[in-house]
Amino acid sequence: MVNTSSHKRTEIRHQLAKEELDILVIGGGITGSGIALDAANRGMKTGVIEMQDFAAGTSSRSTKLVHGGLRYLKQFEVGLVAEVGKERAIVYENGPHVTTPEWMMLPFYKGGTFGPLSTNVGLRVYDFLAGVKKSERRKMLSKENALQKEPLLQSEDLKGAGYYVEYKTDDARLTIEVLKKAMELGANALNYVQATAFIYDDDGQVNGVVAKDHVSGEEFNIFAKQVVNAAGPWVDELRDKDGSKTGKTLQLTKGSHLIFSQDVFPLRQAIYFDTPDKRMIFAIPRGDKAYVGTTDTKYNQNIAHPQVTEEDRDYLLHAINQMFPSLDITAEHIDSSYVGVRPLISEPGKDPGEISRKDEIFVSDSGLISMAGGKLTGYRKMAEQAVDKVASVLKQESGILYGSSQTMHLPISGGDVGGSTGFERFKNQLLNKIATFEVSEEEMTTLVDRYGGNAEKVLSIFEEQHEKANYMDPVVLAELIYAIEEELTYTPSDFFIRRTSALFFDIDWVRTHKDGVIRYMSEVFEWDEATKQRYTDELEAAIEEAALTTLG
Ligand code: FAD
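Rules behind the numbers
- Residues numbered from 1 in each chain as written.
- Predicted model: local features only at pLDDT ≥ 70, side-chain atom pairs only at ≥ 80, totals over all residues.
- Heavy atoms only, no water.
- Patch = residues over 30% accessible without salt bridge, like charges linked within 9 Å, V, L, I, M, F, W, Y side chains within 5 Å.
- Areas by Shrake-Rupley, 256 points an atom, 1.4 Å probe, with all protein chains shown as cover.
- Salt bridge = Lys/Arg side-chain N within 4 Å of Asp/Glu carboxyl O.
- Helix = DSSP H or I, 4+ residues; strand = E, 2+ residues; numbered from the N terminus.
- Buried < 20%, exposed > 50% of the residue type's maximum accessible area, 1.4 Å probe, protein only.
- Near = heavy atom within 4 Å.
- Polar contact = N/O pair within 3.5 Å; in protein donor to acceptor, adjacent residues only side chain to side chain.
- Nonpolar A, V, L, I, M, F, W, Y, C, P; charged D, E, K, R; others polar.
- Expected span 1.5 Å × (residues − 1).
- Axes fitted to C-alpha atoms, helices over the stretch in contact; angles between N-to-C directions.
- Parallel < 35°, antiparallel > 145°, perpendicular 65-115°, else oblique.
- Contact = heavy atoms within 4.5 Å.
- 1 Å grid on protein atoms, 1.4 Å probe; cavity = no way out; pocket = protein on both sides within 12 Å on 5 of 7 lines; lining within 4 Å.
- Points joined across faces, edges and corners; volume = space filled by probe spheres on them.
- Lys, Arg positive; Asp, Glu negative; His and termini not counted.
- Charge placed at Lys NZ, Arg CZ, Asp CG, Glu CD.
- Core = buried A, V, L, I, M, F, W, Y, C linked by side-chain atoms within 4.5 Å.

Asker: What exactly am I supposed to notice about a nonpolar patch on the surface here?
Answerer: A grouping of Leu117, Val121 and Val125 is seen on the molecular surface, where their side chains present a nonpolar patch of about 270 Å² in accessible area. The topology assignment puts valine 121 in helix α4 (residues 116-129). Judged by relative accessible area, valine 121 falls into the partly exposed class, the value being 44%.

Asker: Explanation requested: the site of the ligand in the structure shown.
Answerer: Near the ligand, the surroundings consist of 37 residues, among which Thr31, Glu50, Ser59, Leu65 and Thr377 are the closest. In this structure, an oxygen atom belonging to the ligand sits 2.8 Å away from a side-chain N or O atom of glutamine 52. Contact between the ligand and threonine 377: an oxygen atom at 2.6 Å from a side-chain N or O atom of the residue. Across the complex, the protein chains shield 97% of the 1000 Å² of accessible surface that the ligand would expose by itself. Breaking the shell around the ligand down by element, the ones donating at least two residues are α2 (30-41), β2 (46-50), β8 (193-200), β11 (250-261) and β16 (334-345). Counted by class, the shell around the ligand contains 14 nonpolar, 18 polar and five charged residues.

Asker: Just to check I follow, could you spell out helix α9 (residues 379-398) for this structure?
Answerer: Between its first and last C-alpha, α9 extends 27 Å over 20 residues, near the 28 Å set by a 1.5 Å rise per residue. Within α9 the residues assigned to the buried category are Tyr379, Arg380, Met382, Ala383, Glu384, Ala386, Val387, Val390, Ala391, Val393 and Leu394.

Asker: So what exactly am I meant to see when it comes to the packing of helix α17 (residues 507-524) against helix α18 (residues 529-546) here?
Answerer: Two numbers describe a pair of packed helices, the interaxial angle and the distance between the axes. Where α17 meets α18, the closest approach of the two axes is 11 Å, and the angle between their N-to-C directions is 170°. As summarised for this structure, α17 and α18 are arranged roughly antiparallel, according to the angle between their axes. On α18, the residues that touch Ile507, Val510, Arg511, Lys514, Ile518 and Ser522 of α17 are Lys532, Thr536, Leu539, Glu540, Ile543 and Ala546. Taken together, the residues that form the contact of α17 with α18 break down as six nonpolar, two polar and four charged.

Asker: Help me out: how do you make sense of empty space enclosed by the protein in this one?
Answerer: Gaps left between atoms are located by rolling a probe of water-molecule size over the structure's atoms. Enumeration according to the criterion identifies one cavity of 30 Å³ or more in this entry. Every residue along the wall of the largest cavity is listed here: Gln52, Ala56, Gly57, Thr58, Arg61, Pro233, Trp234, Ile303, Ala304, Pro306 and Val341. Tallied by class, the residues present in the lining of the largest cavity amount to seven nonpolar, three polar and one charged.

Asker: Quick question: what am I supposed to make of the side chain of threonine 99 here?
Answerer: Inspection of the secondary structure puts threonine 99 in strand β4 (residues 99-109). A distance of 2.6 Å separates the side chain of threonine 99 from the backbone oxygen of glycine 95, its partner in a polar contact. Not counting residues up to four positions away in its chain, the partners in contact with threonine 99 are Val66, Val91, Tyr92, Tyr167, Lys168 and Thr169.

Asker: Could you clarify how one ought to interpret the pattern of salt bridges in this entry?
Answerer: When their charged atoms lie close together, side chains carrying opposite charge are able to pair. Counted according to the given criterion, the structure contains 37 salt bridges. Several salt bridges converge on common partners, so that one network encompasses Arg9, Arg13, Asp213 and Glu218.

Asker: So what exactly am I meant to see when it comes to helix α3 (residues 78-94) here?
Answerer: Every α-helical turn comprises 3.6 residues, leaving residues that sit three or four positions apart pointing alike. With 17 residues, α3 extends 25 Å between its outermost C-alpha atoms, agreeing within 8% with the 24 Å of an ideal straight helix rising 1.5 Å per residue. Taken as a whole, α3 has its buried residues at Leu80, Val81, Ala82, Val84, Gly85, Glu87, Arg88, Ile90, Val91, Tyr92 and Asn94.

Asker: So what exactly am I meant to see when it comes to unusual backbone geometry here?
Answerer: With glycine set apart, most residues show a phi of negative sign, and most peptide bonds adopt trans. In this chain, glycine 293 is followed by threonine 294 through a cis amide linkage whose omega measures 25°. Checked against the element boundaries, threonine 294 lands in the loop between β14 (289-293) and β15 (297-298). Of note, aspartate 328 is a non-glycine position whose phi angle comes to about 55°, a positive value. Even without a glycine there, the phi angle at leucine 548 is positive, about 60°.

Asker: Mind showing me how you'd approach a negative patch on the surface here?
Answerer: A cluster of acidic side chains, namely Asp263, Asp288, Glu442 and Asp506, defines a negative patch on the protein surface. Topologically, aspartate 506 is positioned in the loop between α16 (502-505) and α17.

Asker: Mind showing me how you'd approach the side chain of glutamate 150 here?
Answerer: For glutamate 150, the position within the fold is in the loop between α5 (143-149) and β6 (158-169). Within the buried set, glutamate 150 has no salt-bridge partner at all; the shortest N-O distance to an opposite charge, 5.6 Å, is to arginine 268.

Asker: It is not clear to me how the nonpolar core should be interpreted in this structure. Could you clarify?
Answerer: The nonpolar side chains of a soluble globular protein tend to be buried, and buried together. Ranked by size, the top nonpolar core spans 71 residues in total, and within it Ile35, Ile49, Leu174, Val209 and Ile222 carry the most contacts. The element that contributes the greatest number of residues to this core is α9, accounting for eight residues. Core analysis: the next-biggest nonpolar cluster, separate from the first, contains 69 residues, Val81, Ala469, Val517 and Ala547 among them.

Keep in mind that these numbers describe shape and distance, not what the molecule does.
Given below as structure tokens:
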């Protein structure tokens, strides 16, 4: 039996420990979740362990674009652009609720990186390589058109702009929806469980891990025919434990983002623009916010806790003021922020921005399969490659045959609404039921965009349980119950950071609802005072850090 509820942690642990799995995935980011989905869908007995919360590593801290990586064209990474460009259409159709098309403007200036000709040619090649559908192919804009679409743009020396489509996503929700689909297909997954050591058979082959549950404190063994290291920036730490950190290694780079209220940064149009030091960054409207990023600097410090420094903050503020000079943005205007670590494969001598985003699979002498590099966008294809490798080992060693990947047309959880066109219909149907449920149009829109087809489940919780905790907003309560029962949410930070992204894009909502959420969670999980205080402090620290109040 498969469990998705945080009340069933003990049962899930027993399932993982009960019998040998076909595949154990270490890491519950997008890479590990994608691998789990592909494997479970092929019928493999699959387990996933994540030492923090799902997506708490890099997969909740990206620029949140499902994109073909236009800038990789500049580095002639034609294969990468073609592959991820095609993948983005698949990600969109399988999860239309977590991916939304967004027209992006690429302004060009006298003396800038791109001119009208290179932009036109670049975007045309991009359309071709990425197989962009007709309605979304690039357009070229005059200076006047560009300024009409975004009056905040620096107008001096502006010559015009390219106009093309990217897709916006919520990376943490994409990850959890992929993982939920894997669980629906039989995978057992548990957060706050760390692989602390590998277990080997008599031939020196990895056949399991020692796992530590950070919630219960218990240690247990998990055995598997194949262990896959999908630990993102921690991939090398695990290779080191396995004694196989040889040859290529990771180069971590750090990327920061700043978020502003539309009151101070009324950005209408997504812009991809040159920084004063000739890098390129995004400014993207999102609801009543605008966010800007990213930096790209080498990183050798605490992987679990990267922080936005004064230097990162000032770099982004400077770039914003150069491109949007009328704003006069300062540090006081920052609403929230976040920062992530890219797990890139080292290429000595190259600057961080020049290092390829390609993924690679390493297989150690002990049989440990490690997947490194890559992008959120390419997760499905990466998973296919990793599980093909697992399937071929299983065939060789155990004679078991598994079919090929069937995830290309497999909707992720919440995505089973008839693709992108079906999603619009589904959304309208639910919006027509606002009066029945007595929720506002804004609340209904948020629920459908956040949960897709699963919004109906959240609404039925809302109907049944809205009087359960009368100290809470009933819609927030319904979301919280759904998150605990169906998304393995265990701490207030899981809910506010990874299940709703509110810490980044609606920090005042977190401030408003945090006491009710903490009270409800402490009641249902029966936390003692010390535990309740620990999770409260963790959330308060996250709020302070995101708001950058700790910087000078
Ligand atoms: P992670 O998400 O870090 O997952 C690895 C997980 O393994 C972690 O959660 C960790 O806790 C867990 N783990 C580690 N060790 C253990 C252990 N011993 N036991 C159990 N669990 C363990 N890509 C795009 O496509 N579009 C973008 O717009 C984009 N923007 C980006 C911007 C920035 C600033 C960054 C940093 C990256 C960006 N990327 C983007 C890249 C993308 O975010 C990453 O490639 C992707 O999220 C990596 O996912 P992952 O699962 O490999 O790693």
